[in-house]
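# What the coordinates show
Next come the chains, spelled out residue by residue.
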Amino acid sequence: MRDISLTSPIPLHHISIRDSFWSPYLALIRDVVVPYQWEALNDRIAGTEPSHAMKNYKIAAGLEQGDFYGMVFQDSDVAKWLEAASYLLAHAPDAELETIADDVIAIIAKAQQADGYLNTYFTLKEPAGRWTNLAECHELYCAGHLIEAAVAYHDATGKSRILDVACRLADCIDETFGSEDGKIKGYDGHQEIELALVKLYRATGNDRYLRLAKFFLDERGRQPHFYDIEYALRDGRTHFPMLRMAKDKSYSQAHVPIREQQSAEGHAVRAVYMCTGMAAVAAETGDAELLAACRKLWESMVTRRMYITGALGSMAYGEAFSLDYDLPGDTAYAETCASIGLIFFAGRMLQIEARGEYADVLERALYNTVIGGMSRDGKHFFYVNPLEVWPEAIGKNANYDHVKIQRQPWFGCACCPPNITRLLASLGSYIYTHNDDCLYAHLYIGGEASVKLSGHDIRVIQRSEFPWEGSTRIEFQMEQPTTFTLALRIPGWAESADVFINGNPYLLDDTETVFGYVPIRREWNTGDTVQLVLPMSVKQMKGNPLIRDTAGKVALQRGPIVYCLEEADNGGQLHQLYIPENSSGFSSHHPELLDGISMIEMPALRLNGDQWGNQLYSARVKEQLERTTARFIPYYAWANRGIGEMRVWVNQQRIYPEEAMR
């Protein structure tokens, strides 16, 4: 098998982030979020629904008495927490955290069955039900998260106990599933095992794990349909009767084989996890057809079914995609996990082919939906991320039953909080990728990295002013002059760029930009610097005319940050505000507000409804617009100052010159 991957990420233990924007997040993850979530997993957060996740493991391990409690996939919360802890340990030693992690691993190892099987729900509640309801019950999903955590912990500490557990589990799965006689020719309803098995293959070099990942992908959607077969074998029993998972094949992207799928369908998180696995397998096997399928599904997602905030999933039923250009803001589902999965997919595609479009989307999802999914205190979280909120309608209009107006301390289905944690704890791995003689800079985040280029050890020091200002400076340090390429990403939101090498202008033209990157190849000396300066103007973004919900509206964006109106700054009835087409916003930094943000102020008009009286409709009332100032904050920061309205898309007052009316 040949590896077509062009670049690799720099390992986390070779990266340190020191950045005015991101370092506080990483400190919050280490000091607050990981400890808080450990308390939640052990049912020690007052006033929240118990997790029982650690207790389930202790019961399965024979350490405590009791019954299984929680979602069928409750094990995955522990695995994601362990993965996040592993990334923190890769960054810096922490004896206390490592001791806790070792204790968790010991419990997990005791809960593993003699044949390698590991799942507390089926061990405790349905011991005879193993592998009988893959469409609904997440056995392989939980296994995948455990495998990811195991690889991360082994990478961080060198300890092999949890990796041994993962290999025994993967071997058990491999002995159960496959195309051979006597094996189950099926796959999980919630993709995750595929991308995890590729990580395990890379960690161990064992080809069977890569072959198994490919089997799960290739088997999905084939006829006769596996879901129908297993549904009949269990006499139609269902675990989630409200969702018809076994019958609605598109819900889990099993409606047709993956190489034939033309659009992103079904549950958004499952779709992006599947695509990440597809890209990983394509990279390892050189499967050009599978890579082409990745590109097709990517295009469907990001050109027709993605919100401006990098969110996915436009309807609550099925937490799913609906149809092209159906992107309502107020009823959006936009699950935090879907944006995290989109980052996984984009990051994996970047390793295969360095195209700026992947990094643009990754950046969009990261700076908007992902960090918006967690409060500034690190103890409250959004599962759903709407782009418009009218608090008075919540609880009264059933269309908004899924929307929360404040972040929650925990969830019965708590997939999103530990997912945010593991993504941010691993943030360093998304900044750069490299091959033998080229370093790609994808994200402009301050810190240091060590990488080998052209056979020499290179120290990369980045000092970034993102996202509030558009300047970043990269310095190289090395023992001897070395020739290699630095490929600087020029973000899609930047209409121009200036590059300076050692303070001297580096002239750019269109022919020098390759798929959104400027490749600078030269002999570098220690102390050489490259500065990238991008304009940070306020843009009035419009939606494609086919998006019904954004027609006649604009959203403000500055750099990678999407902005929103919030009632705390503008009063209520935000739908009555209009932004003149020719208004230019003024950005100013407020270090005291929401831990430091840049706010945009813009001349606006507000509809005055005083003359309406008690009329509901009228042809005679002449509407009046009053001048005001609209104040916008970053979308990620909304709902940190109490309950109030929020709105990303704002009415635009169009000014039509005479020639535009012809």
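Treat the numbers as computed from the prediction; the structure is a model and nothing was measured.

## Observations regarding the packing of helix H3 (residues 75-91) against helix H4 (residues 95-111)
- It is at 10 Å that the axes of H3 and H4 come closest, and there the two elements cross at 145°. Considering only the axes of H3 and H4, their crossing is left-handed. Residue-level contacts link Val78, Trp81, Leu82, Ala85, Leu88 and Leu89 of H3 to Leu97, Glu98, Ile100, Ala101, Val104, Ile105 and Ile108 of H4.
- Its residues assigned to classes, the contact of H3 with H4 shows twelve nonpolar, no polar and one charged.

## A look at the layout of surface pockets
- Here the largest pocket defines a volume of roughly 1,000 Å³.
- As for the largest pocket, its lining consists of 35 residues, and the residues nearest its centre are Pro9, Asp155, Lys199, Gln351 and Ser429.
- Of all elements in the fold, only strand S1 (8-9), H3, helix H7 (139-157), helix H9 (193-204), helix H12 (268-285), helix H14 (336-352), helix H16 (416-425) and strand S4 (432-434) reach the threshold of two or more residues within the lining of the largest pocket.
- For the lining of the largest pocket, the per-class residue count stands at 19 nonpolar, nine polar and seven charged.
- Counted as a void, the second largest pocket has a volume near 540 Å³.
- Lining the second largest pocket we find 26 residues, and of these Val302, Met306, Tyr307, Ile308 and Arg364 sit closest to its centre.

## Things to note about the sheet that holds strand S13 (residues 529-533)
- Ordered in space as S2-S6-S7-S8-S13-S10-S11, the seven strands form an open sheet in which the pairing is antiparallel. In the strand order of this sheet, the two ends are held by strand S2 (15-17) and strand S11 (504-506), each with one partner. Taken over all neighbouring pairs, the strand axes of this sheet differ in orientation by 25° on average, direction set aside.
- As paired strands, strand S10 (residues 498-501) and S11 are joined by three bridges and run antiparallel to one another. Bridge assignment links Val499 to a residue of S11, and that residue is Tyr506.

## Looking at the nonpolar core
- By size, the foremost hydrophobic cluster in this structure holds 237 residues, and its most contacted members are Trp22 and Met301.
- The leading source of residues in this core is H12, at 13 residues.
- Every residue in contact with Trp22, bar those within four places of it in the chain, is listed here: Ile17, Leu366, Tyr367, Ile371, Leu424, Leu427 and Ile445.

## Brief notes about the sheet that holds strand S5 (residues 438-441)
- Here we have five strands laid out as an open sheet, ordered S1-S4-S5-S9-S12, and mixed in their pairing. The sheet is open, and its two borders are formed by S1 and strand S12 (517-524), each paired with just one other strand.
- For S1 and S4, the ladder comprises two bridges, and the chain directions are antiparallel. Residue pairing in the sheet places Pro9 in a bridge with Thr433 of S4.
- Across the sheet, helix H15 (residues 356-372) lies against strand S9 (482-489) and S12, angled at about 55° from S9, the strand it touches most.

## Let's talk about the side chain of Arg407
- Residue position: Arg407 is located in the loop between strand S3 (388-389) and H16.
- No salt bridge is formed by the buried Arg407, whose closest oppositely charged neighbour, Glu566, lies at an N-O distance of 7.1 Å.
- One polar contact links the side chain of Arg407 to the main-chain carbonyl oxygen of Gly372, over a distance of 3.0 Å.
- Separated by 2.8 Å, the side chain of Arg407 and the backbone oxygen of Trp638 make a polar contact.
- If sequence neighbours within four positions are ignored, Arg407 has contacts with Gly372, Gly373, Met374, Ser375, His380, Phe381, Phe382, Tyr636, Trp638, Ala639 and Asn640.

Procedures and definitions
- Residues numbered from 1 in each chain as written.
- Predicted model: local features only at pLDDT ≥ 70, side-chain atom pairs only at ≥ 80, totals over all residues.
- Heavy atoms only, no water.
- Axes fitted to C-alpha atoms, helices over the stretch in contact; angles between N-to-C directions.
- Helix = DSSP H or I, 4+ residues; strand = E, 2+ residues; numbered from the N terminus.
- Left-handed = near helix turned anticlockwise from the far one by under 90°.
- Contact = heavy atoms within 4.5 Å.
- Nonpolar A, V, L, I, M, F, W, Y, C, P; charged D, E, K, R; others polar.
- 1 Å grid on protein atoms, 1.4 Å probe; cavity = no way out; pocket = protein on both sides within 12 Å on 5 of 7 lines; lining within 4 Å.
- Points joined across faces, edges and corners; volume = space filled by probe spheres on them.
- Pairing = 2+ DSSP bridges.
- Core = buried A, V, L, I, M, F, W, Y, C linked by side-chain atoms within 4.5 Å.
- Buried < 20%, exposed > 50% of the residue type's maximum accessible area, 1.4 Å probe, protein only.
- Lys, Arg positive; Asp, Glu negative; His and termini not counted.
- Salt bridge = Lys/Arg side-chain N within 4 Å of Asp/Glu carboxyl O.
- Polar contact = N/O pair within 3.5 Å; in protein donor to acceptor, adjacent residues only side chain to side chain.

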